[in-house]
Structures are given as structure tokens and as C-alpha cells.
Amino acid sequence: MKIFSQLIILLLGISFFSCDGLFQFNPNEIVLKESQRNLTGKNIEKIVKIPVKDTLRFIFMGDSQRWYDETTHFVKSANQQRAIDFVLHAGDISDFGITKELKWINDIMKDLKYPYLTVIGNHDIVANGSDAYVRMFGPLDYTFGYGDYKFIFINTNSLEYGLDGSTPNIPWLKSQLADNPDKKQTIVIGHVPPFDADFDKNLEKEYAATLAADPNLKFTLYGHQHAFKEGEYYNDGVQYYQTTSMGDRGYLIITCWKDGQKVERVQF
Amino acid sequence: MKKILLLLLLSVNFAVLAQDDQPGLKSRKWYIPDHLKLHFAGNIGFLSGGPGYVSRNKTLETDLLFGFLPKKFGGDALITISAKTTYSPWKIPLKNGYYIRPFSIGAYLSYTFGPQFDTKWPSYYPAGYYWWATSFRPGAFVGGKAGRNMVIKNQVRQFEFYYELGSYDLLMISYVQNREYLKLSDIGNLSFGVKMAF
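- Chain B appears in an unreviewed UniProt entry as Outer membrane protein beta-barrel domain-containing protein from Dyadobacter koreensis.

- In the annotation of an unreviewed UniProt entry, the entry for chain A reads Calcineurin-like phosphoesterase, and the organism field reads Dyadobacter koreensis.

And the structure:
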């Protein structure tokens, strides 16, 4: 028995210094290294250091879910694009809401030449997913400013909260749109688009009207449906763009300038 | 006819009693466990432990394990119960009652408690929206063990140390579909434990 106890002490020692996941205690454990924490905050710091140019150019991709091989190919394709400032992930980073999956995608995405930011998707909320997302990336609703632009990321996964009227948080969205003293052009990003069945029907009109009422809104971006879409869905002047999934091997390159934007679809 | 039947029943009864009295054969009630296990890691808790049963030829073990994961080691405090079965077909006897069972293969089904985990998804989801349950997790493993039979107070007792390399359904599916990015080591994990049979 003495050998057993010595062996246990040895293996316990290894477990605390070993690379990720030799010992696992539960699929829903949230065990993170310092380099895997607060990724939203860390990447915003990197973005705001990028020199501001006349045009802003970023990649909008999403729904990486269980498509690790495809996401690796996406990174290769994205790294070959010219003059990209950063990458935005439309959510459904993971498929099962398991921390290990979030780590895998981060491991793939950190090979990008550009910083990346995420918005939470419905699959990222499953089980311990939203807890893991908060600790690994940051708040579910957040904003940042870059040059003449303000980006608002909002959790629009109403169905995950039983369509209880809490999500998306429209009062928060209104306050963030209102808090814009420099009249920066605003881009709102969510995972589930308001015209999708998983978006709270009782909040759809108010959400769309809130976006339409803001004079600084440039356009709004979504994922979730695994298909490219674009259009003025509510005949109110607001342009909606939707990117496809990694499984569908596509993403958007969005170029913005003062009076307009160009949205290109890329297949890789 | 009745007498013959009675005699037959009695003889069967005696045969059973006689067998129970044979030395080396256990006479304990069927529901008394054959052994206890203490297990480290393996996605069923930081530590888990519980009673188990072994087949008559000692190759098949079935265990019920109660596991606990403290927040300190898991980022969340989680309680898990698991039913687990292990098949170890071969035994290599060594000196002094030591032996090795070089290969084991097995499977488990775990249940993790918590309001964030679902067995049946709430009715507001369309049917089949998510196809897996988050509370139940099936897994499989291969491993091996080493043990020793000892006579303590005229009773044979058995101590075993075993290790397991395992994975579970969701990671296995991810691996099969992403053979380029994922390696077996990405989805596998190591666990080990001790068993005491009495």
C-alpha cells in the first residue's frame, strides 16, 4: 500500500503540472490557464492599438461548433486576406458547451494573424457553457470602440432562457446605443437574428425598432442559420448581414468607410 | 408423486446448503458487495468511490461510484454518480499471491447533478433541437491492473491497483469528424484507482 500512496502522490503532482487534460474530472469542469482567461479584454487591448485607417476591414465568421478541421482551414484562408484589422466570431463557438471545445477553437483561432472577438451562441450556453464563456472570454453583452466605430455585442439566444423576455437585454442595448457622445458609427452583433424562430417573438419588433431608431447605426450582423443572408428585413433602413457556418466553409469580409460598406462572401 | 417432488426439492436445498459450507466459497447474501473501489479522475469526479460486484469467474466487475469534484480542482463543484462495468479476461499469476490482469476494457454511464444539466430538454425547445442529454454521459476505457491476494485473519482479501485510458461520447464524435485537427490524446484521459475485495 505504501507504493500505492507514493504513486498517487506522484500522479497528483503530474496532474497539476501536466499539459491540458491528462486528468479530467468532469466533462463540465472549467479548468483554465491564465492564457485562456479574459480573452475578450485581452483582444480588445490588441485591437485598439491597431492604427486607425480611412477604411475598416474585418472578417465576420461563425458557427465553428464541431468543425475543427474546417476552422483550421478558415484560419489559413483568413491569413491570406489583405489588410484585415480583426476577426469577429458570430457565436456557437462550441457544439456541446464544453470548456474543452472552447479551448480547441481558441487554440485554432490564436493562429490568426489578427485578434478575434466573439459573441455568445446558443450552443455555448448549454450545460456549464455560459459560465465557461464568461470566464474564458468575458461578459455576454459588451461593447468596444475603435476609430469612428462602436461595436455592440449582444446575447440574442432567447430560447436558451425559455423565451422569458430577458434575452436579448433591450434596455441595455438602448443604453449602449444612447451612450455615443462622438456619434460613432455603430455595428450591432448577435448570434440569433431577430427574424429567426429562436429569437423571442415578443421582443422581435422592439429589438428591430431599437436598431432602426438609432441615427448612428451602420448595420447589424448575425450567424446561427448556417447560411449567408443579407437584406433590409423590417423595411426600416437597417441592413442585416448573416454569415454561414464553418461546416459550410464560408465567411464574410466587411469593408467600412464613412458613407458605406462592402460585404464580400468568401468560400474556402 | 408428491413425496418424490418433496424429496427432490429437499435434496436441491441440501445441495445448495452443502455448497455454501464448502471452504473458499462465499456464503454471504447476494446483495452484499464483493469489493470497494476508490477512483481518481476519469470524468466521474475528482475522487469517486463505491461498492461493486464481480462475476463468479472474476473477469467481470460492475461498480456503483459516487464522485465529487471540488470547485478548487474543477472550476465548479459537481457531484456525479456512475455505473461502471469492467471486463478483464486474462490473469497472469506471479509469486507471493501477486498477479497481473494485463488488459481491461469497460464502459460507464455517469449522471451529474445540477440545474444546468438536462436529461429531458424543456418543452420550449423544438423536438430534437439538441440530441444529447447533458446530465448523462456514457464513456468507455481500456486499462490494466495489478493485484495481490492476501490471507488476513483466515480470510482471503484482495488488493488491486488499476489504471484506465478513457473518453466519452461527445469527444469521440468530435474526434471521428476532425481527424486532421484532433489527436487521440486530445480526447483521452488517464485515471486510476484501488480496489479492495473482502
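Past the structure itself, the notes keep going.
1. Focus on the overall build of chain A
Then, in step 1: The secondary structure content of chain A amounts to seven helices and eleven strands.
Then, in step 2: When each of the 268 residues of chain A is scored for burial, the buried share is 60%.
Then, in step 3: Here the contacts in chain A between residues at least 6 apart in sequence split such that 72% fall between residues at least 24 apart.
Then, in step 4: A total accessible area of about 10700 Å² is found for chain A, and carbon and sulfur atoms account for 53% of it.

2. Quick look at the packing of aromatic side chains
Then, in step 1: Within this structure, the stated rule accounts for 45 aromatic pairs over all chains.
Then, in step 2: Centre to centre, the rings of Phe195 of chain A and Tyr240 of chain A are 6.0 Å apart; their planes meet at 70°, and the pair counts as edge-to-face. Remark: Tyr240 of chain A occurs in strand S9 (residues 240-242) and Phe195 of chain A occurs in the loop between strand S6 (185-189) and helix H7 (201-213); sequence separation between them is 45 residues.
Then, in step 3: The class for Tyr240 of chain A is buried, based on a relative accessible area of 1%.
Then, in step 4: Ring-pair connections join several aromatic residues into one group, and the members of that group are Phe96 of chain A together with Trp121, Tyr124, Tyr125, Tyr129, Tyr130, Trp131 and Trp132 of chain B.
Then, in step 5: The positively charged end of Lys91 of chain B is found above the aromatic ring belonging to Tyr99 of chain B, 4.5 Å away from the centroid.

3. Concerning the confidence of the model for chain B
Then, in step 1: Summing up the model confidence of chain B, the mean pLDDT is 89 and the portion of residues at 70 or higher is 86%.
Then, in step 2: For residues 1-25 of chain B, every residue scores under 50 in pLDDT, and the model assigns this stretch four contacts once sequence neighbours within four places are set aside.

4. Regarding the interface of chain A and chain B
Then, in step 1: Contact residues are listed per partner, giving 44 residues for chain A and 48 residues for chain B.
Then, in step 2: In total, about 4000 Å² of surface goes out of reach between chain A and chain B, with carbon and sulfur atoms giving 62% of it.
Then, in step 3: Considering only the side of chain A, the residues that lose the most area to chain B are Phe25, Arg66 and Trp104 of chain A, jointly responsible for 18% of the buried surface there.
Then, in step 4: At the surface where chain A touches chain B, the tally comes to zero salt bridges.
Then, in step 5: Counting the contacts that link chain A with chain B gives 29 residue pairs in polar contact (both at pLDDT 80 or more).
Then, in step 6: Put simply, the parts of the chain that give the side of chain A that touches chain B at least two residues each are helix H1 (2-17), helix H3 (68-79) and helix H4 (99-109) of chain A.
Then, in step 7: In terms of residue count, H1 of chain A provides more of the side of chain A that touches chain B than any other element does, six residues in total.
Then, in step 8: Grouping the constituent residues of the side of chain A that touches chain B by class yields 23 nonpolar, eleven polar and ten charged.

5. Some points on the pattern of salt bridges
Then, in step 1: Under the defined criterion, the tally for this structure stands at 18 salt bridges over all chains.
Then, in step 2: Among the salt bridges present, the one from Asp95 of chain A reaches Arg66 of chain A, with a minimum N-O distance of 2.9 Å. Taken together, the positions of Asp95 of chain A in the loop between strand S2 (86-89) and H4 and Arg66 of chain A in the loop between strand S1 (56-61) and H3 put the pair 29 residues apart, joining distant regions of the chain.
Then, in step 3: Look at Arg66 of chain A and you get buried, because its relative accessible area is 15%.
Then, in step 4: As a salt-bridge pair, Lys145 of chain B and Glu61 of chain B come within 2.4 Å of each other at their nearest N and O atoms. With Lys145 of chain B in strand S7 (residues 136-152) and Glu61 of chain B in strand S3 (residues 60-69), the pair connects residues that are 84 residues apart, well separated along the chain.
Then, in step 5: A relative accessible area of 1% means that Glu61 of chain B is categorised as buried.

6. Concerning the sheet that holds strand S7 (residues 217-222) of chain A
Residues and elements named next belong to chain A.
Then, in step 1: Across the sheet, which stays open at both edges, the six strands sit in the order S4-S5-S6-S7-S9-S8 with mixed pairing between neighbours. The open sheet has two edge strands, strand S4 (142-146) and strand S8 (229-231), and neither has a second partner. Geometrically, the sheet is characterised by an average inter-axis angle of 15° between neighbouring strands, direction not taken into account.
Then, in step 2: Pairing geometry for S4 and strand S5 (residues 149-153), over five bridges, is antiparallel. Considered in S5, the bridge of Phe144 is made with Phe151.

7. Some details on helix H6 (residues 170-178) of chain A
Residues and elements named next belong to chain A.
Then, in step 1: Among the residues of H6, those classed as buried are Ile170, Trp172, Leu173, Gln176 and Leu177. Along the axis of H6, the buried positions cluster into a sector of 155°, meaning they face one direction only. Among the exposed residues of H6, those pointing more than 90 degrees away from its buried face are Pro171 and Ala178.
Then, in step 2: Next to the buried residues of H6 lie S4, S5, S6, H7 and S7.

Definitions and cut-offs
- Residues numbered from 1 in each chain as written.
- Chains lettered and ligands numbered in written order.
- Predicted model: local features only at pLDDT ≥ 70, side-chain atom pairs only at ≥ 80, totals over all residues.
- Heavy atoms only, no water.
- Helix = DSSP H or I, 4+ residues; strand = E, 2+ residues; numbered from the N terminus.
- Buried < 20%, exposed > 50% of the residue type's maximum accessible area, 1.4 Å probe, protein only.
- Contact = heavy atoms within 4.5 Å.
- Areas by Shrake-Rupley, 256 points an atom, 1.4 Å probe, with all protein chains shown as cover.
- Phe/Tyr/Trp six-rings, centres within 6.5 Å; stacked < 30°, edge-to-face > 60°.
- Lys NZ or Arg CZ within 6 Å of the ring centre and 35° of its normal.
- pLDDT = per-residue confidence, 0-100.
- Buried area = accessible area lost by both parts, 1.4 Å probe.
- Salt bridge = Lys/Arg side-chain N within 4 Å of Asp/Glu carboxyl O.
- Polar contact = N/O pair within 3.5 Å; in protein donor to acceptor, adjacent residues only side chain to side chain.
- Nonpolar A, V, L, I, M, F, W, Y, C, P; charged D, E, K, R; others polar.
- Pairing = 2+ DSSP bridges.
- Axes fitted to C-alpha atoms, helices over the stretch in contact; angles between N-to-C directions.
- Arc of directions from axis to C-beta.

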